[in-house]
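Listed here are the chains, written in short residue letters.
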Amino acid sequence: MNWNKFLSAKWLISIAMTLVFCYLALSGKITSEQFMAAYMMVVGVYFGQSVAKKNPSE
């Protein structure tokens with residue numbers, strides 16, 4: 001198992017933000033629309049960079 005992936009700053013930040021936004025949404029401090037907007041931004045950046053690294057020639 002490749003533990004470097006799980007210890008990367010990008011992965012840790014993504015997980016931390018996901019947990020924080022889940023907590024805020026469940027506690028009623030933010031609306032579901034705000035949660036989805038923030039979460040999609042985090043996921044988009046995370047996966048967008050991963051795809052860009054795999055396909056540098058395109």
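Residues numbered from 1 in each chain as written. Predicted model: local features only at pLDDT ≥ 70, side-chain atom pairs only at ≥ 80, totals over all residues. Heavy atoms only, no water.

Participant: Tell me what's going on with the overall build of the protein, and back it up with residues and numbers.
Facilitator: Along the backbone of the protein there are three helices and zero strands. Taken from the N to the C terminus, the helices and strands of the protein come in the order α-α-α. When the 58 residues of the protein are sorted by exposure, 14% land in the buried category. (Helix = DSSP H or I, 4+ residues; strand = E, 2+ residues; numbered from the N terminus. Buried < 20%, exposed > 50% of the residue type's maximum accessible area, 1.4 Å probe, protein only.)

Participant: Give me the lowdown on the environment of Leu24, citing residues and values where you can.
Facilitator: Position of Leu24 among the secondary structure elements: in helix α2 (residues 9–26). The spatial distance from the C-alpha of Leu24 to the C-alpha of Gln34 is 10.0 Å, given a sequence separation of 10 residues.

Participant: Run through α2, naming residues and quoting values.
Facilitator: Along its 18 residues, α2 runs 26 Å from first to last C-alpha, staying within 8% of the 26 Å computed at 1.5 Å per residue. Directly beyond the C-terminal end of α2, a positive phi value near 85 degrees is found at Gly28. (Expected span 1.5 Å × (residues − 1).)

Participant: Run through the confidence of the model for the protein, naming residues and quoting values.
Facilitator: Averaged over every residue, the pLDDT of the protein is 78; residues scoring 70 or more account for 74%. Element-level pLDDT for the protein is lowest in helix α1 (residues 3–7), with a mean of 69, against a maximum mean of 83 in α2. (pLDDT = per-residue confidence, 0-100.)

Participant: Summarise the environment of Tyr23; cite the residues concerned and give the values.
Facilitator: With respect to the helices and strands, Tyr23 occurs in helix α2. Each C-alpha atom of the pair Tyr23 and Phe35 lies 10.0 Å from the other, and the pair is 12 residues apart in sequence.

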